[in-house]
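Notes for the structure review
What follows is the residue order along each chain.
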Amino acid sequence: MKSLFFVIGCVLIAACSGTTETANGSAEKTAAGEEIDGMSIYQLTSSWQTQDGNEMTWKDLEGEVLVAVMIYTSCKAACPRLVADMKNLEEKVGKTPVPVRYILVSIDPETDTPERLKEFAGLNHMDGGQWLFLRSTEDNTREFANVMAVKYARISPLDFSHSNIISVFDRKGAMVHQMEGLAVNNEQTVEAILTASR
Amino acid sequence: MQTPVFIFFSALLLGMTQGTVKNGMSRVEGGRYVPMYGAGKNEMVTVASFEMDRLPVTNADFMAFVKQFPRWKKSAAPRLFADAGYLKNWTEDLSFPPSLSEAPVTNVSWFAAKAYCECQDKRLPTTHEWEFAAMAGYQHRDERRDSLFSARILAAYETPKTYLKPVGQSRPNYWGLYNLNELVWEWTSDFGSVMMSGENRNADARDLFCGAGSLNATDLMNYAAFMRYAFRSSIQARFTINNLGFRCAR
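Described in the following lines is the structure provided in the data block. (Residues numbered from 1 in each chain as written. Chains lettered and ligands numbered in written order. Predicted model: local features only at pLDDT ≥ 70, side-chain atom pairs only at ≥ 80, totals over all residues. Heavy atoms only, no water.)

Attention now moves to the state of the cysteines. Tallied over the full model, the rule gives 2 disulfides over all chains. Each sulfur in the disulfide pair Cys75(A) and Cys79(A) lies 2.4 Å from the other. Between Cys75(A) and Cys79(A) the sulfur-sulfur dihedral comes to about 90 degrees; the bridge is accordingly right-handed. Pair check on accessibility: Cys75(A) and Cys79(A) agree, each one buried. Note that Cys117(B) is cross-linked by a disulfide to Cys248(B), the S-S spacing being 2.1 Å. (Disulfide = S-S within 2.5 Å. Buried < 20%, exposed > 50% of the residue type's maximum accessible area, 1.4 Å probe, protein only.)

Below is the structure:
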């Protein structure tokens, strides 16, 4: 855990000093040399840990369509339904020309260690490569939630109150769609994912 | 005997804070308090000691930041991190009407405010810290039950266009902090933990406004706080608003 914070601290510092580079007007670029879209989440420099314990940043997912939701594994109320919503989307979308990655970001990084996320994935039959579980520091989690316009608060040692929003990002990282609520009609969301992954 | 001595020292302390430079930070001694929202009903919250900017960040301050970090220029800030109204009262990337120089910077997003604080090795205060610091009146750490204190805050909330006024022109509070409740609303690091809608399962504030019975001091105190929490719950991190600024903590 300590090393994760260390790595993230460095990234933070780099993010702050790194902005001086754009002083000369050189906008940030993607790996392919394209300018990063102003709405792209690749602009987040935070580092994340996967269910397999690997470190990654959002930019590492360039070229994939992302479907993201925020949950916590000890959740008994809304999250199982959110997880079901994600599985429904995955099933309806099926195979696509551009790979689609389904991401579940923990709002309880303290409890949700990579081991725990891995176990959760297994229990919910979400062990395929299209499923990605992420955790980071509290600070990075709040920042990501703010990008998704997700609000959350710890309301007891074990429980969180949180918004139920699933967001779709295109292959350049720009948010193109949001689905709000539990078990709502997901046709538009499926359509948005299909359009983005064409 | 103790009271006159206390008053004497308070007066001395007050004189000192008012006489010295207003810039810089004040130390806020930690403690326990019951916030209006964000903990269980009547549940105490512990706030550790921290430092807080005495003044809201001004347009002049923010200009210095933008010069150093051009990524946050009006024309350059990524839309993901600030909506189209970002710094809309500035005339250009590096200019604003001179009268705004010492006025609090507003129309800044949470992301911009966070970046500003981090780039000076500071951070945004948490909501609990902000509310803890702002419950202090001129004399005491917690004057929320004083109806004059609450009335003063509500009067300030009712005054239009206070975001155009220079910072530090009024009396500082017990901690030496200026303008917490007078000129603009302020971002907190975890404003996104305030949910006053259907999705909030422990809705503390649910029974606050049933009926318009006579208001006592507690209602007034809750009303001012309720406005702040309701505001926090209604905004998003990209939003830029004319009367929303910030200050940093450490």
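Another aspect to go through is unusual backbone geometry. Residues and elements named next belong to chain B. Unlike most non-glycine residues, Lys161 shows phi in positive territory, near 55 degrees. Structurally, Lys161 can be placed in the loop between helix H5 (147–158) and strand S5 (185–186). The phi dihedral of Asn179 falls on the positive side, at around 60 degrees, and the residue is not glycine. One can find Asn179 in the loop between H5 and S5. Overall, the relative accessible area of 2% leaves Asn179 in the buried class. (Helix = DSSP H or I, 4+ residues; strand = E, 2+ residues; numbered from the N terminus.)

What follows covers the interface of chain A and chain B. Taken together, the 30 residues of chain A in the interface contact 31 residues of chain B. Counting the surface lost from both chain A and chain B, the interface buries some 2400 Å², and carbon and sulfur atoms represent 60% of this. Put simply, chain A and chain B have 1 salt bridge between them. Note that Lys114(B) is salt-bridged to Glu143(A), the shortest N-O span being 3.6 Å. Remark: the boundary between chain A and chain B carries 7 residue pairs in polar contact (both at pLDDT 80 or more). At the level of secondary structure, the elements contributing two or more residues to the side of chain A that touches chain B comprise helix H1 (2–18), helix H4 (138–148), strand S6 (152–154) and strand S7 (160–162) of chain A. Considering every element that reaches the side of chain A that touches chain B, the biggest residue donor is H4(A), with 5 residues. Split into classes, the residues belonging to the side of chain A that touches chain B amount to 14 nonpolar, 11 polar and 5 charged. (Contact = heavy atoms within 4.5 Å. Buried area = accessible area lost by both parts, 1.4 Å probe. Salt bridge = Lys/Arg side-chain N within 4 Å of Asp/Glu carboxyl O. Polar contact = N/O pair within 3.5 Å; in protein donor to acceptor, adjacent residues only side chain to side chain. Nonpolar A, V, L, I, M, F, W, Y, C, P; charged D, E, K, R; others polar.)

As a further point, take the packing of aromatic side chains. Under the counting rule described, the total for this entry stands at 27 aromatic pairs over all chains. Ring geometry for Phe62(B) against Phe65(B): centres 5.2 Å apart, planes inclined by 55 degrees, an arrangement best described as tilted. Of this pair, Phe62(B) and Phe65(B) both sit in helix H2 (residues 59–68), 3 residues apart, which is roughly one turn of the helix. You'll find Phe62(B) and Phe65(B) in the same group, each marked buried. A centroid spacing of 5.1 Å and a plane angle of 80 degrees characterise the contact between Trp110(B) and Phe111(B), whose relative ring orientation is edge-to-face. One exposure class covers both Trp110(B) and Phe111(B), and it is buried. Through successive ring pairs, a cluster of aromatic residues spans Phe62(B), Phe65(B), Phe69(B), Trp90(B), Phe96(B), Tyr116(B) and Phe246(B). If you follow Arg142(A) out to its NZ or CZ, it ends over the ring of Tyr152(A), 3.9 Å from the centre. (Phe/Tyr/Trp six-rings, centres within 6.5 Å; stacked < 30°, edge-to-face > 60°. Lys NZ or Arg CZ within 6 Å of the ring centre and 35° of its normal.)

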